[in-house]
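Residue-level structural notes
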Amino acid sequence: MRKHLLKLLLFAVIAVVLLTAAAAWVVLTPVALKSEQIEFTIISGSSMRVAAREVAAAGVELDPWVLRLLGKLLRVDTSIKAGSYEIAAGITPLELLKKLTRGDVTQAELAFIEGWTFRQMRERLDAHPDLRHDTQDLPEAEIMRLIGAPEAVAEGLFFPDTYFFARRSSDVELLARAYRSMQQHLQRAWQARAPELPYQDPYQALIMASIVEKETGRADDRPLVAGVFVNRLRQGMLLQTDPTVIYGIGEGFDGDLRKRDLLADTPYNTYTRPGLPPTPIAMPGLASLQAALHPASTEALYFVARGDGSSQFSPTLDEHNRAVRRFQKGGRP
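In this report, the structure presented in the accompanying data block is examined. (Residues numbered from 1 in each chain as written. Predicted model: local features only at pLDDT ≥ 70, side-chain atom pairs only at ≥ 80, totals over all residues. Heavy atoms only, no water.)

It is worth spelling out the overall build of the protein at this point. The number of helices and strands found in the protein is 13 helices and 10 strands. A compact globule built from 333 residues should have a C-alpha radius of gyration of about 20 Å, whereas the protein, at 31 Å, is more than 25% larger. Each principal axis of the C-alpha distribution contributes one length, and for the protein these read about 120 × 40 × 35 Å. The buried share among the 333 residues of the protein stands at 40%. (Helix = DSSP H or I, 4+ residues; strand = E, 2+ residues; numbered from the N terminus. Rg over C-alpha atoms; globule rule 2.2 N^0.38 Å. Buried < 20%, exposed > 50% of the residue type's maximum accessible area, 1.4 Å probe, protein only.)

What follows covers the packing of aromatic side chains. Here the structure, examined in full by the defined rule, presents seven aromatic pairs. Look at F229 and F303: their rings are 5.7 Å apart centre to centre, the planes differ by 75°, and that puts the pair in the edge-to-face class. One end of the pair, F229, is in helix α9 (residues 222–235); the other, F303, is in strand β9 (residues 302–305), with 74 residues separating them in the sequence. The same class applies to F229 and to F303, which are both buried. These aromatic residues form a ring-pair network of at least three members: F118, F158 and Y179. The side chain of R193 reaches across the aromatic face of W190, ending 3.9 Å from its centre. (Phe/Tyr/Trp six-rings, centres within 6.5 Å; stacked < 30°, edge-to-face > 60°. Lys NZ or Arg CZ within 6 Å of the ring centre and 35° of its normal.)

This part takes up the nonpolar core. Within the largest apolar cluster, 54 residues are counted, with the highest numbers of intra-cluster contacts made by F112, I147, F158 and Y199. Contacts of F158, omitting those with residues within four sequence positions, involve F118, M121, M144, I147, L175, A178, Y179, M182 and M283. F40, A52, L62 and I91 belong to the second largest nonpolar core, which has 21 residues in total. (Core = buried A, V, L, I, M, F, W, Y, C linked by side-chain atoms within 4.5 Å. Contact = heavy atoms within 4.5 Å.)

This part takes up the packing of helix α8 (residues 202–215) against α9. Helix-helix packing is characterised by the crossing angle of the two axes and by the distance between the axes. Relative orientation of the contacting elements α8 and α9 amounts to 130°, with a least axis distance of 9 Å. Taken together, the axes of α8 and α9 lie oblique to each other. With respect to the hand of their crossing, α8 and α9 are arranged in right-handed fashion. Contacts from M208, I211, V212, E213 and E215 in α8 reach R222, V225, A226, F229, V230 and L233 in α9. (Axes fitted to C-alpha atoms, helices over the stretch in contact; angles between N-to-C directions. Parallel < 35°, antiparallel > 145°, perpendicular 65-115°, else oblique. Left-handed = near helix turned anticlockwise from the far one by under 90°.)

Let's shift gears to unusual backbone geometry. Located in the positive-phi region is R75, a residue other than glycine, with phi close to 60°. With respect to the helices and strands, the residue R75 is situated in the loop between α3 (64–73) and β4 (83–88). If you check the backbone angles, E196 has positive phi at about 60° while not being a glycine. Locating E196 in the fold gives a position in the loop between α7 (171–191) and α8. With relative accessibility at 73%, the residue E196 sits in the exposed group.

Glancing now at the pattern of salt bridges. For side chains of opposite charge, pairing can occur when their charged atoms come near one another. Enumeration over the complete set of coordinates arrives at 12 salt bridges. A salt bridge links K99 to D104; its shortest N-O distance comes to 3.3 Å. For D104, a relative accessible area of 33% corresponds to the partly exposed category. Taking the shortest distance from any N to any O, the salt bridge between R119 and E123 comes out at 3.2 Å. Of the two residues, R119 and E123 both sit in helix α5 (residues 118–127), four residues apart, roughly one turn of that helix. A cluster of three or more residues bridged by salt bridges with shared partners is formed by K99, R102 and D104. (Salt bridge = Lys/Arg side-chain N within 4 Å of Asp/Glu carboxyl O.)

Here the focus is the environment of E114. You can see E114 is positioned in the loop between β5 (107–111) and α5. A relative accessible area of 42% means that E114 is categorised as partly exposed. On a C-alpha basis, the gap between E114 and F159 in space is 8.2 Å, while along the polypeptide they are 45 residues apart.

This part takes up the packing of α7 against α8. Between α7 and α8, whose axes approach to 10 Å, the crossing angle comes to 100°. If you check the angle between α7 and α8, you find them roughly perpendicular. Along the contact surface, α7 presents M182, L186, Q187 and W190, while α8 presents P202, A205 and L206. Along the lines of polarity and charge, the residues of the contact of α7 with α8 split into six nonpolar, one polar and no charged. (Nonpolar A, V, L, I, M, F, W, Y, C, P; charged D, E, K, R; others polar.)

The next subject is the pairing of strand β2 (residues 37–42). Every second residue of β2 is oriented toward a common face, the buried set being I38, F40 and I42 and the non-buried set Q37, E39 and T41. Note: β2 against β4, six bridges, orientation antiparallel. By the bridge assignment for β4, F40 is matched with Y85. (Pairing = 2+ DSSP bridges.)

Structurally, D171 is set in helix α7. It is R122 that comes nearest to the buried, bridge-free D171 among opposite-charge side chains, at 7.1 Å. Looking at D171, its side chain comes within polar contact range of the side chain of T135, at 2.7 Å. (Lys, Arg positive; Asp, Glu negative; His and termini not counted. Polar contact = N/O pair within 3.5 Å; in protein donor to acceptor, adjacent residues only side chain to side chain.)

The next point concerns the layout of surface pockets. One number sums up the size of the largest pocket: a volume of about 960 Å³. The wall of the largest pocket is formed by 36 residues, among which K214, E215, D242, P243 and I246 lie closest to the centre. Every element with two or more residues in the lining of the largest pocket is listed here: α5, α8, α9, α10 (242–249), β9 and α13 (317–327). For the lining of the largest pocket, the residue count by class is 17 nonpolar, 11 polar and eight charged. Estimated volume of the second largest pocket: approximately 200 Å³. For the second largest pocket, the lining is made up of 13 residues, of which I42, G83, R132, R168 and S169 are closest to its centre. Broken down by secondary-structure element, the contributors of at least two residues to the lining of the second largest pocket are β2 and β4. Taken together, the residues of the lining of the second largest pocket break down into four nonpolar, five polar and four charged. (1 Å grid on protein atoms, 1.4 Å probe; cavity = no way out; pocket = protein on both sides within 12 Å on 5 of 7 lines; lining within 4 Å. Points joined across faces, edges and corners; volume = space filled by probe spheres on them.)

See below:
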């Protein structure tokens, strides 16, 4: 009887060792792939069962039950992360499971550039091959509602930066991130603003920052440009800034700003209307935000481009007119 029990025990031990070895071989042996590299997407809310089927359907020669069982044994069967994945030859089932539960997704990127309008942003979004285009052809107000923004007008409300995202992400998610980023930067800058600025709220500061962004690309000129416009607001002078006029013309602008354009009244014509325009005219970067909220202390009320990217600043109209003759009219009277 004792010998019989010992044989049974030995058989059981051998069986456990063999099963363990077989299981280790299954989870640690690289899986076969139909190509050197395979991409697949796990949609949000997918169960381990659904994810395992998606993996197999993509060309990974692994029975779905292996992933499901391994997930249960390791107690990670409810930890699958949505996103786009990329796997290469040599990956094992255990490595694949870790990838799925870590959310080790492949990433794409998209840059929003300082000075872009919302129209330019949408063109770049709609053209990106790795995004899901859920906002395409939607009205602007509906897009703002989808991202949870209270504003109906989108211009200027997205922070220019390079954004990384999982392939097949929704453009709604990307826009929401860019919107939240701008809100954070704007609120921080507003809290630390210089005293006695002629802005009623952060939105007006954002409008000013967008004008500064379009008026100069030279970093050290931005605070001076902001200083000129702040001085003009304080004195009740017209801002008379060309970029707002061009924005008001819209897609009809042909690159040549004419005198009749400066006289044609639109809500964005700062030659005909006092104060700030009703909305930003582009996406300002952080430097322009800082300039709008920390303008240079200057007596200048005018500036003109020198032709080398910098500007000449003047406190009086006479000095400004001389600068215009020098830098824009070749010294002609």
